[in-house]
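# What the coordinates show
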Amino acid sequence: MTFERVTAGTGISAEPAPAPRPGQSGPTRDVSPSMRLQILSTEHWSLLASRSLAWNESFSRAGMFLSALSGAIVALGLVGGASGFGEAFTLFALVILPVVLFIGVGTWIRLGASNYHEMLCVIGMNRIRAAYLELAPDLERYFVMSGHDDFPGIGVTMGVQPGGGRVFWLAQILAGTPTIVTILNSVLTGAIAAIATVRIGGAPSTTLLVGGVGFLIAIVAQWLYTRQSIAKLQAGLHPKFPTPEGEEL
């Protein structure tokens, strides 16, 4: 490929404009509306598939944990009936329950990661929906999901009912799969601590106290981790299409 020189005596070659770097805005005046729509639709379907994978992983990991927990309880019942809930039972419990707890903690961490991934997908789809409305503003009355990428808009797309007060939000949190896994992990932690106390010859009152303390420590630790993750998420969210004040679904 050759380039012609400017003949005005400047001696400067006519070179092509440098290509925009990734992340920089290039010229878009030549992109037709149909091409824009095709690009947005492709990204929309990609985010939808990615969100579906996150949901499938959440369900499969939670199901795996519950299956392992159910199998461990059945095994403990069989061993306890055969050994009279003696030393063999406590030893077996101290071997199998930590394994189940490990699966539970891993499941809880992955559920948090999947929820974060799902929220990113929802933010992306809401922004794409806002682009659809910029291309065709008259279609807004046909959309039931939100075109805003702030927390109210995310809640609409994720199917969270608006309003309801703190009691409603508390019920939604308690019904969530991460909360159920959190409670089960805490119960497992308390049970392991109590069985270990029985193993070393602790009194019944001491066993109950140690089990309760273990349960509370696990609850508080998981709650602090979740709170820190939510705080980081809120700090990192910078809405480009915030919900106007007074707008309702």
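Quick look at the structure, then. Quantities reported herein were computed from a predicted structural model and do not represent experimental measurements.

Okay, the overall build of the protein next. A count of helices and strands for the protein gives six helices and zero strands. Reading the secondary structure of the protein in the N-to-C direction produces α-α-α-α-α-α. Split into buried and exposed, the 249 residues of the protein put 27% on the buried side. Across the protein, contacts joining residues at least 24 apart in sequence account for 73% of those joining residues at least 6 apart. For the protein, the computed accessible surface area is about 16,700 Å², with 67% contributed by carbon and sulfur atoms.

The next subject is the packing of helix α2 (residues 87-135) against helix α5 (residues 177-199). Packing of α2 against α5 brings their axes to within 9 Å, and their N-to-C directions diverge by 155°. Compared by their axis directions, α2 and α5 come out roughly antiparallel. Taken as a pair, α2 and α5 cross one another with a handedness that is left-handed. Of the residues that constitute the contact of α2 with α5, the class distribution is 17 nonpolar, seven polar and two charged.

Taken as a whole, this structure holds three aromatic pairs when the rule is applied. Plain terms: the ring middles of W55 and F59 are 5.4 Å apart, the flat faces sit at 45° to each other, and that makes the pair tilted. Linking W55 with F59, this pair stays in helix α1 (residues 33-83), spanning four residues, or about one helical turn. We classify W55 as partly exposed; its relative accessible area is 39%. On the numbers, 5.0 Å between centres and 70° between planes, the contact of F85 with F89 is edge-to-face. Of the residues examined, F85 reaches a relative accessible area of 54% and is grouped as exposed.

A few words now on a nonpolar patch on the surface. Together, V105, I109 and Y225 line one region of the surface with nonpolar side chains, adding up to about 260 Å² of accessible area. When you line up the elements, Y225 lands in helix α6 (residues 204-236). Residue class for Y225 comes out partly exposed when judged on its relative accessible area of 43%.

Cut-off values and rules
Along each chain, residue indices are assigned from 1 in the same order as the chain's sequence is written. For a predicted model such as this one, the threshold for reporting local features is a pLDDT of at least 70, and the threshold for listing and counting side-chain atom pairs is 80 or more; totals across whole chains, interfaces and linings nevertheless cover every residue. Working from all heavy atoms in the structure, the side-chain values ignore hydrogens and water. Put simply, DSSP H or I for four residues or longer makes a helix, DSSP E for two residues or longer makes a strand, and each gets a number counted from the N terminus. Type-normalised accessible area, obtained with a 1.4 Å probe on protein chains alone, sets the label of each residue: buried when under 20%, exposed when over 50%, and partly exposed for intermediate values. Contacts are residue-level and defined by heavy atoms, with any inter-residue pair within 4.5 Å sufficient. Surface exposure here means Shrake-Rupley accessible area, sampled with a 1.4 Å probe, where a residue is shielded only by the protein chains that are shown. Interaxial angle, 0 to 180 degrees, is taken between N-to-C directions of lines fitted to C-alpha atoms, where a helix line uses only the stretch in contact. Here the angle decides the label: under 35 degrees means roughly parallel, over 145 means roughly antiparallel, 65 to 115 means roughly perpendicular, and every other value means oblique. Crossings are sorted by hand: turned counterclockwise from the far helix by less than a right angle, the near helix makes the crossing left-handed, and turned clockwise it makes it right-handed. Note that Gly is not counted as nonpolar here; it falls among the polar residues with everything else outside the nonpolar set of Ala, Val, Leu, Ile, Met, Phe, Trp, Tyr, Cys and Pro and the charged set of Asp, Glu, Lys and Arg. Stacked, tilted and edge-to-face pairs are distinguished by plane angle, under 30 degrees for stacked and over 60 for edge-to-face with tilted covering the rest, among Phe, Tyr and Trp rings (Trp via its six-membered ring) whose centres lie within 6.5 Å. Each patch is assembled from residues with relative accessible area greater than 30% and no salt bridge, linking like charges that lie within 9 Å and nonpolar side chains (Val, Leu, Ile, Met, Phe, Trp, Tyr) that lie within 5 Å. The rule for a salt bridge is simple: a side-chain nitrogen of Lys or Arg has to be within 4 Å of a carboxyl oxygen of Asp or Glu.

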